[in-house]
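# Overview (structure and organization)
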Amino acid sequence: MNSDSNFELAGAVVGAGYVRRAQQEASRRAALMTSLLSQRRLPATAWTNEQIELLLHELAAMDSNNYVGHVGVGEREGRVFSELVRRRNFAFAHGVGRSGELAAVQPKAAGSSLYAKVCEWMTLHALRIAGLTEVTACAILPTATGMSLVLAFLALLPSRPPTARKVIWPRIDQKTCFKALLTAGLQPLVVQNRREGDQLTTDVAAIEALIAEHGAASIFGVVSTTSCFAPRGCDAVEPIARLCKQHGLVHVVNNAYGVQASATCKEISRAMRVGRVDVVISSTDKNFLVPVGGAIAYATDASVIKRISSAYPGRASGSPCLDLFVTLLSLGESGWSALLAERERLFVYARGKLAETVAPLGERVLDTPRNRVSLGVTLSQLPPALVTHFGAQLFARNCSGARAVDCAEVKTFDGVEFRGWGASADDYACPYFTVAVAIGSTQEDIDLFCTKLAKLLREEQRRAQRAPAPAPAPAVAVDVVAIEAAATSADEEKKR
Ligand SMILES: *Cc1c(COP(=O)(O)O)cnc(C)c1O
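We now turn to the structure provided with this report.

Basis of the calculations
Residues numbered from 1 in each chain as written. Predicted model: local features only at pLDDT ≥ 70, side-chain atom pairs only at ≥ 80, totals over all residues. Heavy atoms only, no water. Helix = DSSP H or I, 4+ residues; strand = E, 2+ residues; numbered from the N terminus. Buried < 20%, exposed > 50% of the residue type's maximum accessible area, 1.4 Å probe, protein only. Contact = heavy atoms within 4.5 Å. Areas by Shrake-Rupley, 256 points an atom, 1.4 Å probe, with all protein chains shown as cover. Patch = residues over 30% accessible without salt bridge, like charges linked within 9 Å, V, L, I, M, F, W, Y side chains within 5 Å. Salt bridge = Lys/Arg side-chain N within 4 Å of Asp/Glu carboxyl O. Near = heavy atom within 4 Å. Polar contact = N/O pair within 3.5 Å; in protein donor to acceptor, adjacent residues only side chain to side chain. Nonpolar A, V, L, I, M, F, W, Y, C, P; charged D, E, K, R; others polar.

### Focus: the overall build of the protein
A count of helical and extended segments in the protein gives 16 helices and 14 strands. C-alpha atoms of the protein, sized along the principal axes, occupy 90 × 55 × 50 Å. By the burial criterion, 50% of the 496 residues in the protein qualify as buried. Sequence separation of 24 or more characterises 73% of the internal contacts of the protein that already satisfy a separation of 6 or more. Counting only carbon and sulfur atoms, one obtains 55% of the accessible surface of the protein, whose full area is about 22,400 Å².

Below, the structure is given as structure tokens:
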């Protein structure tokens, strides 16, 4: 319809009065779009699904693969065989970016280029609302956190001398983080964490000592991690940022799921103000409730973001960006703020509820104030073999995401040995399990988990009192145990 003359013609058919009402509604929709394009931020309130779908159809109609009578004679014409696949993508087929740069406009795909740009504006606004107030530029990367870290490292390598390939890395026991360093060709200098009470914190003095020992000229930079499993806390990003500034080192922050934690965001903002933070990487799925596939790179200096998006060779899937675009429109500023506030409330609630649940069973919540998403609970009453059993049992009872760590496992990656793997420390004294109170968690989830936990923990404690203990299970983080067990039995099935 859209044009005035069409509404006039329609008025002659069904009555001018009725059409005038419809025309008013159409101009309200147009005003939403005007505001999105002119204000370059999240809409104040959520769009409805109908409004979003209408916009997606309009945007898709701007891409050349959807022009009626269009003749494509190239090898990349956005041809899609399956109607299901076409629908799954809202008829977008050109992805984002072009050979030169991820954020570049595609001449063939004005609509796709537009959602990509608007998504970037809305994401920037969402980051600022979360507390990342210093950020001035961001890019939606079409790879999950680990691979996005690799891309950031590679894009920043040329800013250091060719001899500067060592990287200082406060230990975090998540394999992706370590692999990202190796894949980028960096040589990790692992910094063990310091134990303060229950909590593991950054050994800033050890970082300083490493810089002195190896010499800044041989070091690429420091990779700090701000969201991690308890009992490790958020890295001391502010002192690290000061050191990086002082020694001219690159500082990349792995803030995988820290956007949802306002205290963490504030700490990163302070680090950005007083020291050097080149770029921060966060997951889209862990922070924005979309399927896995994307990450956000953000910085105070837009040229760093430009360097990262131009380091990306070729075009990329538009799906991570489109999912985020739709999600941010369905949240609006008020929805996003409410989600963040609810998570902060639930985190405090969960800490109290867990403490109350395990206290009668002789266990306690680890005191880790520098971790604002993950909570640890001691398993001091269980022998090591039962710790992994406990974890597997939680998984079997339909609880996913909890990790039981017995602090006894040794893993070696690329010749580097990690003792006490899973705990981010060689000798964390006490076995424990962790749970996360992440964005989108509900109070019902927490309550139900605590009910199952109380029952299971009591059972396992009784089992522990009945000697002899069962044969020790391999000491692995639990979610891995269950999956590996399933994979092994599937393999054996095949062999038969
Ligand atoms: C989830 C996570 C990663 C890996 O992220 P992917 O999105 O799976 O690549 C890396 N580091 C930390 C701290 C994480 O939490």
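### So, a nonpolar patch on the surface
A cluster of nonpolar residues, V13, V14 and Y18, forms a patch on the protein surface that exposes about 380 Å² of accessible area. Here V14 shows up in helix 1 (residues 4–14).

### Re unusual backbone geometry
Between A230 and the following residue, P231, the backbone shows a cis peptide bond with an omega angle of 10°. Summarising the element assignment, P231 is placed in the loop between strand 6 (219–225) and helix 9 (237–247). In the Ramachandran plot, R40 falls in the positive-phi region, its phi being about 55° despite a non-glycine side chain. Inspection of the secondary structure assignment puts R40 in the loop between helix 2 (16–39) and helix 3 (49–60). A positive phi angle is found at N398, which is not glycine, with a value near 70°. Topologically, N398 is positioned in the loop between helix 14 (384–396) and strand 11 (403–405).

### What about the site of the ligand?
Around the ligand, the surrounding shell holds 13 residues, and the nearest of these are T145, G146, C177, N254 and K286. One of the side-chain nitrogen or oxygen atoms of T145 is found 2.8 Å away from an oxygen atom of the ligand. Measuring from an oxygen atom of the ligand, one finds a side-chain N or O atom of K286 at 2.7 Å. If the ligand stood free it would expose 380 Å²; the protein chains cover 86% of that surface. Looking at the shell around the ligand, the elements with two or more residues in it are helix 6 (145–156) and helix 7 (175–183). Here the shell around the ligand is built from residues that sort into five nonpolar, seven polar and one charged.

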